[in-house]
Amino acid sequence: MVDDEPTLAELLSMALRYEGWDVKSAGDGQTAVRTARDFRPDAVVLDMMLPDIDGLEVLRRLRGESPEVPVLFLTAKDSVEDRITGLTAGGDDYVTKPFSLEEVVARLRGLMRRMGHSPMRTESLLVVGDLSLDEDSHEVRRGSDLVTLTATEFELLRYLMRNPRRVLSKSQILDRVWNYDFGGQANVVELYISYLRKKIDAGRAPMIHTMRGAGYVLKPAD
């Protein structure tokens, strides 16, 4: 992920990690080339305008070492000429700012499929202990029992299940589940955790645990 706007780079990196990718970021072209040499990425999101060398030069250097790596250009330029320049230089796709996180993720997945790469998570089923969640059908089961969740409860549980045994802070959960802009009301997290516990843990060995002062963690029942 190469962009000289730190907030945007972090936002995109978080979204891509949430989708299951391992992400490295760089704020300038020279750092991007060095990082790619060590990291060997399966795909690159590359801003056209960088503070040292431009995205086209970064692309040229990247392709010198990894000729097949797919590159998604990210830029504020939206003229036909700029689009053609990026694609004829070897870029595989082009997203113009402002954009949605979902669009970038979708474009990257498309590039990976075309290049024959498999995303890290090809299955739609998440499983932690005896808890399963199907991301396509939105069906959730604890053991053999079907669990009915609201849309927000489902999104919260999905985030917990994508990060099993990892303590997630209230602010992390707010950022991810409430789309970064809920307003920081941490008590909504406590409320929805309590809703989930009633549906997931009621009458069973608990899977959702509170780590005092740190956040929440989901792990297989003992």
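The structure contained in this document is the topic of the report that follows. Just so it is clear, the model here is predicted, and its values are computed rather than measured.

Some thoughts on the sheet that holds strand β7 (residues 145-147)
- On the basis of which strands lie adjacent, the open sheet formed by 4 strands has the order β4-β5-β6-β7 and antiparallel pairing. Of all the strands in the sheet, just β4 (125-128) and β7 have a single pairing partner and so form its edges. Neighbouring strand axes in the sheet, compared pairwise and without regard to direction, differ in orientation by 20° on average.
- Taken together, the 4 bridges between β4 and strand β5 (residues 131-134) define a ladder with antiparallel strand orientation. Its bridge partner lying in β5, Leu 126 is registered against Leu 133.
- Helix-sheet contacts for helix α6 (residues 151-162) involve β4, β5 and β6 (140-142), and the interaxial angle to β5 is about 115°.

Re the packing of aromatic side chains
- The final tally for this structure, using the stated rule, is 1 aromatic pair.
- On the basis of an interplanar angle of 75° and a centroid distance of 5.1 Å, the ring pair of Tyr 192 and Tyr 195 is categorised as edge-to-face. Note that Tyr 192 and Tyr 195 are positioned in helix α8 (residues 187-200) at a spacing of 3 residues, about one turn of the helix.
- With a relative accessible area of 30%, Tyr 195 lands in the partly exposed category.

What about the nonpolar core?
- Grouped together as the largest cluster of nonpolar side chains are 28 residues, with contacts concentrated most on Val 140, Leu 157, Ile 173 and Leu 218.
- Where this core is concerned, the elements lending two or more residues are β4, β5, α6, α7 (170-177), α8 and β9 (215-218).

Looking at helix α3 (residues 55-65)
- Buried within α3 are the following residues: Gly 55, Val 58, Leu 59, Leu 62 and Arg 63. The buried residues of α3 all sit within an arc of 130° when viewed along its axis, so they share a single face. The outward face of α3, more than 90 degrees from its buried face, is lined by the exposed residues Arg 60 and Gly 64.
- On its buried side, α3 packs onto α2 (29-39), β1 (44-47) and β2 (71-75).
- Measuring from the side-chain oxygen of the N-cap residue of α3 to the backbone nitrogen of Leu 56 gives 3.2 Å; that N-cap residue is Asp 54.

Calculation criteria
- Residue positions within a chain follow its written sequence, with the count starting from 1.
- Since the coordinates come from a predicted model, pLDDT governs what is reported: local features require at least 70, and pairs of side-chain atoms require 80 or more to be given and counted, while whole-chain, interface and lining totals use all residues.
- Side-chain metrics in this entry use all non-hydrogen atoms of the structure; hydrogen atoms and water are not considered.
- For two strands to pair, DSSP has to find at least two bridges joining them.
- Strands here mean DSSP runs of E at least two residues long; helices mean DSSP runs of H or I at least four residues long; both are numbered from the N terminus.
- Between N-to-C directions, angles span 0 to 180 degrees; the directions come from axes that are lines fitted to C-alpha atoms, helices contributing only their stretch in contact.
- Throughout, a residue-residue contact means that at least one pair of heavy atoms, one from each residue, lies within 4.5 Å.
- Note on ring pairs: Phe, Tyr and Trp rings are taken, using the six-membered ring of Trp, and paired if centres are within 6.5 Å. Classes follow the plane angle, with under 30 degrees stacked, over 60 edge-to-face and the rest tilted.
- Partly exposed describes any residue whose relative accessible area lies between the buried limit of under 20% and the exposed limit of over 50%, with all areas from a 1.4 Å probe on protein chains only and scaled to the type maximum.
- Throughout this description, the term nonpolar core refers to a set of buried Ala, Val, Leu, Ile, Met, Phe, Trp, Tyr and Cys residues connected via side-chain atoms within 4.5 Å.
- Note that the arc is defined by the directions from the helix axis to the C-beta atoms.
- Counting of polar contacts relies on pairs of N or O atoms within 3.5 Å, with two restrictions inside protein: one atom must be capable of donating a hydrogen and the other of accepting it, and residues adjacent in sequence are counted only when both atoms are side-chain atoms.

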